[in-house]
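Breakdown of the fold
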Amino acid sequence: MTDDHYDIVIIGSGAGGGTLAWKLAPTGKRILLLERGDYLPRERDNWETEAVFLKSKYTTTETWVDGDGDDFTPEQNYYVGGNTKFYGAALFRLRAEDFGVINHHGGVSPAWPHAYDEFEPWYADAEQLYHVHGQAGEDPTEGPRSGEYPYPAVRHEPRIQKLNDDLEQLGLHPSHLPIGVLLDQDEHGDALHTSACIRCDRVDGFPCLVNGKADAQTVAVDPALEHPNLELVRNAKVERLETDASGHTVTAVVATLADGSEARFSGDIVVVSCGALNSALLLLKSAGDTHPNGLANRSDQVGRNYMRHNNVAMMALSKEPNPTRFQKTLTLNDWYLKGEDTDYPWGGIQMLGKSDGEQLKGKAPHFLAWAARLTPDRPVQMLAHHSVDFWLSSEDLPHPDNRLTVGRDGKVKLAIRETNPEGLKRLRKKFESMLTDIGMHEGLTERNLYLHEAMDISATAHQAGTVRYGTDPSTSVLDADCKAHHLDNLYVVDSSFFPSIGAVNPTLTIIANALRVGQHLTERLG
């Protein structure tokens with residue numbers, strides 16, 4: 001057992017915690033960064049479909065239960081850098097409208113305590129830190145910017161450029177997808193010899209063997225560790241937080257180390273950044289005499305209002321082959337704020353990483369059964385070679401019963417009920433009709449073939465909510481600075497603070513908020 005005191009203790013090294021460590025490291029304050037896992041091993045399996053997708057080699061093996069009591073394994077990755085080691089590095093800003101009240105088919109998306117213009121400078125800093133490549137002015141739904149993207153847009157490969165041109169011919173506004181990669185490209189878009197990113201087909205869902213993806217370890221944690229005042233302790237699973245007798249101050253961070261021993265740490269400031277699900281879980285497990293329902297849970301909001309987007313992965317089949325390697329370069333948001341013939345939003349569309357035959361075999365057997373009926377003479381590898389892969393995302397709404405809880409036996413339960421499905425349904429139908437208009441299926445099949453797969457409860461990549469921030473302590477857990485309302489030194493800086501989720505990937509907003517809170521903590525600590 002150890003006992004050590006720091007100016008700041010940060011729990012979790014992903015987009016929130018890793019970025020916060022980077023922001024605070026130059027202050028000279030004594031900082032401890034605790035990570036549940038270790039460094040991800042760099043090995044050939046990092047880029048192997050079978051290891052990553054089919055065998056889930058790098059995913060946790062823990063078992064939770066759903067609302068019906070059935071077991072499932074959440075798709076979470078516990079390594080230095082957190083889930084960003086496996087993310088697709090799509091780094092969108094929320095739209096300006098996302099910070100206000102929005103009416104949807106299924107209900108109301110609530111406003112944030114801050115407006116877009118208050119987040120905008122932090123978005124700019126986040127894009128700089130995470131090497132975001134993009135092109136300002138292409139996307140009509142994007143909010144005002146204080147400057148251009150810090151890095152030029154990643155150029156489309158020929159098949160995706162044709163898709164872009166075809167969509168423009170229909171009067172739509174495709175744009176370059178903002179993506180965080182350490183890419184130096186020439187005038188043709190090819191990677192230069194100085195580039196860490198090699199424009200491969202493994203960016204989406206795979207860890208990067210060559211450190212070419214802007215994950216939290218690569219761009220934040222590793223540079224922060226160059227400061228001697230920052231200490232990283234790996235393989236330290238934080239079990240609970242303890243408070244003083246008043247319940248107003250966190251006095252101990254209790255963790256289990258790799259050898260099974262217990263370690264105790266303390267800090268003037270304690271920051272939780274374990275991801276929306278595990279941050280809520282830690283607070284609930286930290287219940288005590290002064291916080292009987294869980295730490296910081298007087299409002300009974302900890303664990304509630306879980307969001308993860310309404311998502312569907314869609315594979316279209318192109319008449320011409322699609323030899324694209326780096327496919328994740330295009331996005332389409334024409335129906336993000338307002339669908340066709342309706343005042344309600346539908347959501348956005350972006351490219352996925354390029355499918356391969358092994359992914360289709362292992363992850364989508366129902367795809368294959370469908371495809372076999374429609375294209376009986378087409379082997380799986382040929383389908384993959386002609387595939388163009390999309391990710392459709394619309395906003396799900398916060399609901400108090402979409403909730404993570406922990407039983408007396410320690411069993412974790414995640415209950416989800418579907419909210420606002422109509423927008424995604426209409427977005428998919430509209431997009432399929434657009435793809436048909438540009439001849440996506442002609443010559444390959446006798447009828448349209450758009451394969452799609454919805455995400456089940458184990459899909460936690462876009463997790464948010466559960467520890468929402470706000471100005472009213474009766475309906476929120478955190479204040480506007482992401483400090484717990486009823487504790488003096490406890491902050492939360494991952495996606496759990498989101499009051500709503502919008503319809504774009506949440507990671508850039510997590511990063512921007514970590515930088516914002518980091519500035520607040522710098523001023524607080526003097």
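Residues numbered from 1 in each chain as written. Predicted model: local features only at pLDDT ≥ 70, side-chain atom pairs only at ≥ 80, totals over all residues. Heavy atoms only, no water.

This next bit is on the overall build of the protein. A tally of regular secondary structure across the protein gives eleven helices and 24 strands. In terms of its C-alpha atoms, the protein occupies a principal-axis envelope of roughly 75 × 50 × 45 Å. The buried share of the protein, reckoned over its 526 residues, is 60%. Partitioning the intrachain contacts of the protein with sequence separation of at least 6 by distance along the chain shows that 72% fall at a separation of at least 24. (Helix = DSSP H or I, 4+ residues; strand = E, 2+ residues; numbered from the N terminus. Buried < 20%, exposed > 50% of the residue type's maximum accessible area, 1.4 Å probe, protein only. Contact = heavy atoms within 4.5 Å.)

Direction vectors running N to C along helix H1 (residues 17-24) and helix H5 (residues 216-224) enclose 45 degrees, while the axes themselves pass 8 Å from each other. Relative to H5, the element H1 lies oblique. For the pair H1 and H5, the crossing hand works out as left-handed. For the pair H1 and H5, contact is made by Gly18, Thr19, Ala21 and Trp22 and by Val219, Ala220, Val221, Pro223 and Ala224, respectively. (Axes fitted to C-alpha atoms, helices over the stretch in contact; angles between N-to-C directions. Parallel < 35°, antiparallel > 145°, perpendicular 65-115°, else oblique. Left-handed = near helix turned anticlockwise from the far one by under 90°.)

This part takes up the nonpolar core. Core analysis: the largest hydrophobic core is formed by 105 residues, its most contacted members being Ile11, Leu34, Tyr130, Leu241 and Leu490. Per-element accounting of this core gives the leading share, eight residues, to helix H11 (residues 507-525). Among the nonpolar cores identified, the runner-up in size contains 23 residues, and Leu163, Leu332, Met351 and Ile438 belong to it. (Core = buried A, V, L, I, M, F, W, Y, C linked by side-chain atoms within 4.5 Å.)

Attention now goes to the confidence of the model for the protein. Looking at the protein, the pLDDT average stands at 93 and 93% of residues meet or exceed 70. Contacts from residues 442-448, a stretch scored under 50 in pLDDT, to residues over four places away or in other chains number 15 contacts. (pLDDT = per-residue confidence, 0-100.)

Before going further, it helps to examine the sheet that holds strand E20 (residues 403-406). Strands sit in the order E4-E3-E21-E20 across an open sheet of four strands; the sheet is mixed. The open sheet terminates on both sides in strands that have one partner only, identified here as strand E4 (71-72) and E20. Bridge analysis of strand E3 (residues 64-66) against E4 gives two bridges, and the strand direction is antiparallel. When the bridges of E4 are listed, Val65 appears paired with Asp71. (Pairing = 2+ DSSP bridges.)

In this model H11 runs 27 Å from its N-terminal to its C-terminal C-alpha over 19 residues, within 8% of the 27 Å that 1.5 Å per residue would give. With 14 of 19 residues buried, H11 is to be regarded as a mostly interior element. Positioned one or two residues after H11, Gly526 has a phi angle of 75 degrees, which is positive. (Expected span 1.5 Å × (residues − 1).)

The end-to-end C-alpha distance of helix H3 (residues 116-129) is 19 Å, a good match for the 20 Å that 14 residues give at a rise of 1.5 Å each. Taking the largest bend as the criterion, H3 deviates by roughly 25 degrees, centred on Trp122. Among the residues making up H3, those that are buried are Tyr116, Phe119, Glu120, Trp122, Tyr123, Ala126, Glu127 and Leu129. Where H3 is buried, its residues contact H1, strand E7 (132-134), H5 and H11. Of the residues one or two after H3, His131 is the one with positive phi, at around 55 degrees. (Bend = angle between axes of the 7 residues up to and from the residue.)

The next subject is the state of the cysteines. Under the definition given, this model contains zero disulfides. In this model Cys274 remains outside any disulfide bridge; the closest cysteine sulfur is found in Cys482, 14 Å from its own. Taking the relative accessible area as the measure of exposure, Cys274 reaches 25% and is therefore partly exposed. (Disulfide = S-S within 2.5 Å.)

Moving on to the pattern of salt bridges. If you walk through the whole model with that rule in mind, you get 31 salt bridges. The salt bridge involving Lys57 is made with Glu43; its shortest N-O contact spans 3.0 Å. With Lys57 in the loop between helix H2 (49-54) and E3 and Glu43 in the loop between strand E2 (31-34) and H2, this residue pair connects regions lying 14 residues apart in the sequence. The class for Lys57 is partly exposed, based on a relative accessible area of 41%. The partner of Glu320 in a salt bridge is Lys162, with the nearest N and O atoms 3.8 Å apart. One end of the pair, Glu320, is in the loop between strand E16 (310-317) and strand E17 (330-332); the other, Lys162, is in helix H4 (residues 158-169), with 158 residues separating them in the sequence. With a relative accessible area of 35%, Lys162 lands in the partly exposed category. Each member of the salt-bridge network shares a partner with another, and the members are Arg93, Glu120, Glu127, Glu142 and Arg145. (Salt bridge = Lys/Arg side-chain N within 4 Å of Asp/Glu carboxyl O.)

Now for the packing of aromatic side chains. Taken as a whole and assessed by the stated rule, the structure comprises 18 aromatic pairs. Centroid distance Trp112 to Tyr469: 5.9 Å. Interplanar angle 80 degrees. Geometry classified as edge-to-face. Of this pair, Trp112 sits in the loop between strand E6 (107-109) and H3 while Tyr469 sits in the loop between strand E23 (464-466) and strand E24 (490-492), and the two are 357 residues apart along the sequence. Overall, Tyr469 belongs to the buried group, its relative accessible area being 3%. (Phe/Tyr/Trp six-rings, centres within 6.5 Å; stacked < 30°, edge-to-face > 60°.)

With that settled, the discussion passes to the side chain of Thr331. Residue placement: Thr331 occurs in strand E17. At a separation of 3.5 Å, a polar atom in the side chain of Thr331 contacts the side chain of Asn333. Looking at Thr331, its side chain comes within polar contact range of the main-chain oxygen of Ile349, at 2.8 Å. Look past the residues within four positions of Thr331 in its chain and what remains in contact with it is Phe92, Pro174, Ser175, His176, Leu177, Ile349 and Gln350. (Polar contact = N/O pair within 3.5 Å; in protein donor to acceptor, adjacent residues only side chain to side chain.)

Before going further, it helps to spend a moment on the pairing of E20. Sheet topology places E20 next to strand E21 (residues 412-415); four bridges connect them, and they run antiparallel. Each bridged residue has a counterpart across the sheet, and for Leu404 the counterpart in E21 is Leu414.

The next thing to look at is the sheet that holds strand E10 (residues 179-180). Here three strands make up an open sheet; going across it, the order is E8-E7-E10 and the pairing mixed. Each edge of the open sheet carries a strand with a single partner, namely strand E8 (151-152) and E10. Pairing geometry for E7 and E10, over two bridges, is antiparallel. Each residue of the ladder has a partner; that of His133, found in E10, is Ile179.

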